[in-house]
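The lines below spell out each chain.
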Amino acid sequence: MQALTNRSMVVVNKKMTWMERIYLPAIIGGLMITIRHLFKKKVTIQYPEQERPRSAVYRGWHVLKRDEQGRENCTACGLCAVACPAEAITMTAAERKPGEEHLYREEKYASVYEINMLRCIFCGLCEEACPKEAIFLTDRIVPSGMLRENFIFGKDKLVEGVEPDNRIDVSKRARAHRTY
Amino acid sequence: MPKVTIDGHTIEVPEGTTILNAARMIGGDIVPPAMCYYSKLATSGGYCRTCIVQVTKGSEKDPRPMPKPVASCRTTVMDGMEVKNITSPELLEARKGVVEFLLINHPLDCPICDQAGECHLQDLSYEHGLNKSRYDFKRREFEKIDIGDKIKLHMTRCILCYRCVKVAEQICPGRVHGVMNRGDVAEISTYIKNSVDNEWSGNMIDVCPVGALTDKTFRFKSRVWFTKPMDAHRKCETCSGKAVLWLSGDEVLRVTGRKDKYGELEDWICNTCRFEKKNKSDWTMEGPRHIDRHSVISQNHYESLKQLKIDVSKQKKIAEKAHQS
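Being a predicted model, the structure only gives us computed values, none of them experimental.

Quick notes on the rules
- Residues numbered from 1 in each chain as written.
- Chains lettered and ligands numbered in written order.
- Predicted model: local features only at pLDDT ≥ 70, side-chain atom pairs only at ≥ 80, totals over all residues.
- Heavy atoms only, no water.
- Contact = heavy atoms within 4.5 Å.
- Buried area = accessible area lost by both parts, 1.4 Å probe.
- Salt bridge = Lys/Arg side-chain N within 4 Å of Asp/Glu carboxyl O.
- Polar contact = N/O pair within 3.5 Å; in protein donor to acceptor, adjacent residues only side chain to side chain.
- Helix = DSSP H or I, 4+ residues; strand = E, 2+ residues; numbered from the N terminus.
- Nonpolar A, V, L, I, M, F, W, Y, C, P; charged D, E, K, R; others polar.
- Pairing = 2+ DSSP bridges.
- Axes fitted to C-alpha atoms, helices over the stretch in contact; angles between N-to-C directions.
- Phe/Tyr/Trp six-rings, centres within 6.5 Å; stacked < 30°, edge-to-face > 60°.
- Buried < 20%, exposed > 50% of the residue type's maximum accessible area, 1.4 Å probe, protein only.
- Lys NZ or Arg CZ within 6 Å of the ring centre and 35° of its normal.

Re the interface of chain A and chain B
Where interface size is quoted, it is often the accessible area lost as the parts come together.
Stage number 1. Contact residues are listed per partner, giving 16 residues for chain A and twelve residues for chain B.
Stage number 2. Area buried by chain A at its contact with chain B is led by Val82(A), Glu107(A) and Lys108(A), which between them contribute 45% of it.
Stage number 3. One can count three salt bridges joining chain A with chain B.
Stage number 4. Lys144(B) serves as the salt-bridge partner of Glu107(A), at 3.4 Å between the closest nitrogen and oxygen.
Stage number 5. Across the chain A-chain B interface, the total number found is six residue pairs in polar contact (both at pLDDT 80 or more).
Stage number 6. Within the residue set of the side of chain A that touches chain B, elements represented by two or more residues are helix H3 (79-83) and strand E2 (89-95) of chain A.
Stage number 7. Among the residues making up the side of chain A that touches chain B, the classes are represented as eight nonpolar, two polar and six charged.

And the structure:
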């Protein structure tokens with residue numbers, strides 16, 4: 001059979017010399033490599049204290065936007081879910097009741113909106129499909145976790161806050177897209 | 001029997017056949033779309049103008065072309081008539097104008113409309129319409145009305161096709177709803193907030209080409225493309241009992257009649273079947289409903305090869321031939 005690479009070696013069962021038998025030169029040689037790496041520039045960074053620069057169009061943790069009056073934009077039309085190639089999005093719709101006009105923009109809203117972050121591939125197709133400018137991918141990294149259940153993000157983790165301080169800015173990506 | 005040529009396809013049809021029905025006999029792309037014509041309802045058609053065609057030759061005896069596009073659902077064929085539908089660019093432009101007029105007062109609230117995904121107006125505007133509205137004025141506004149406890153009327157979405165009125169006239173005993181007022185204030189309404197309450201009223205939902213009449217038991221339950229349509233039947237004393245169940249898991253979200261390729265019901269179904277029988281055990285399942293692959297409902301919708309009418313052995317032969325050459 002032809003070798004795939006030229007790195008293959010034929011194993012020879014030859015008798016080792018005295019120097020080889022005491023193993024010390026090999027161990028010291030190995031340690032030298034370890035010690036040399038101690039003084040080299042580190043390839044890892046201290047996340048989350050430190051962060052690497054990311055592209056302006058980075059796609060991370062989704063946000064469900066509210067309009068200027070603080071009403072949810074999402075009307076549970078299901079287009080994000082049908083566009084999602086990973087089938088990560090599920091939702092349940094409900095009808096807006098009288099007196100809830102300040103909460104939801106249209107007569108239908110998503111009472112449950114869940115994204116399975118383990119399934120999500122962050123392709124951004126949901127954002128493209130959305131006719132109501134409700135869902136956006138932001139530059140926030142999805143935090144790690146120990147339990148699979150914690151990766152199903154509901155509305156508590158997706159909808160942005162009403163107060164101006166709690167709003168999530170998505171204009172950076174939009175601007176970056178425009179310059180490309 | 002008169003001979004008619006539609007987009008180059010010649011067919012001999014019985015006396016008194018309309019151009020639309022002659023085109024349907026030929027079938028395929030040349031069939032004009034129809035929003036108000038309904039083959040199972042007498043005197044329907046002639047309101048929406050989406051089925052307009054160009055008659056380039058009136059008949060053998062009088063070969064002059066008709067001066068304007070004509071509604072194919074109301075114009076009968078003459079011997080030697082020549083009709084242009086998709087082969088006439090002017091006609092397609094005219095139809096585009098019709099679609100724009102139909103959409104003038106339409107709220108375009110597809111994201112919240114239960115009809116989205118199976119709406120004829122949506123398909124029509126996708127195929128012919130502009131992707132932008134040129135209309136700056138305020139659209140018509142109406143309150144949502146409950147006609148009966150099972151049907152919701154969104155007058156804003158209505159295109160006044162009169163199909164539901166014909167259903168009430170011809171299928172239901174005792175009509176209580178109709179079109180009130182005229183011109184741009186015309187609306188579907190019941191006689192002083194009367195409720196539409198009889199065994200066949202649910203068929204109004206199925207004949208409505210848009211989302212004006214929707215099933216209240218299905219209201220906002222799911223989007224059509226997330227449900228699984230299944231053919232099913234049950235023994236019913238009032239109707240044929242042949243229906244389509246729209247399932248989500250084991251839950252029956254909605255029951256509708258079976259629609260053919262022109263979106264017309266094959267059989268009328270009664271309200272008991274439509275609204276009361278929401279258990280899988282009430283029905284005998286026949287198999288998945290065939291959904292056109294161009295429809296969004298066909299998303300994640302699987303059928304057996306037999307139903308899709310795909311001959312695997314034929315495909316295999318073609319593949320083998322291609323492989324050999």
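Remarks on the sheet that holds strand E6 (residues 145-147) of chain B
All names here are of chain B.
Stage number 1. If you walk across this open sheet you meet the three strands as E6-E7-E10, and the pairing is antiparallel. Every other strand in the sheet has two partners, leaving E6 and strand E10 (213-215) as the edge strands with one partner each. Sheet twist, expressed as the mean angle between neighbouring strand axes with direction ignored, is 35°.
Stage number 2. In the sheet, strand E7 (residues 151-153) pairs with E10 via three bridges, with the strands oriented antiparallel. The partner of Lys152 across the bridge, within E10, is Thr214.

Considerations on the packing of aromatic side chains
Two aromatic rings are characterised by how far apart their centres lie and by the angle between their planes.
All names here are of chain A.
Stage number 1. All chains considered together, the criterion is met by six aromatic pairs over all chains.
Stage number 2. Here Trp61 and Phe153 contribute two aromatic rings whose centre-to-centre distance is 5.5 Å and whose plane-to-plane angle is 65°, an arrangement assigned as edge-to-face. Taken together, the residues Trp61 in strand E1 (residues 60-64) and Phe153 in strand E5 (residues 152-153) connect sequence positions 92 residues apart. Like Trp61, the residue Phe153 is buried in the burial classification.
Stage number 3. Measuring from ring centre to ring centre gives 3.6 Å for Tyr104 and Tyr109, while their planes differ by 5°; the resulting arrangement is stacked.
Stage number 4. Looking at Arg54, its charged tip hangs above the ring of Tyr58, at a distance of 4.7 Å from the centre.

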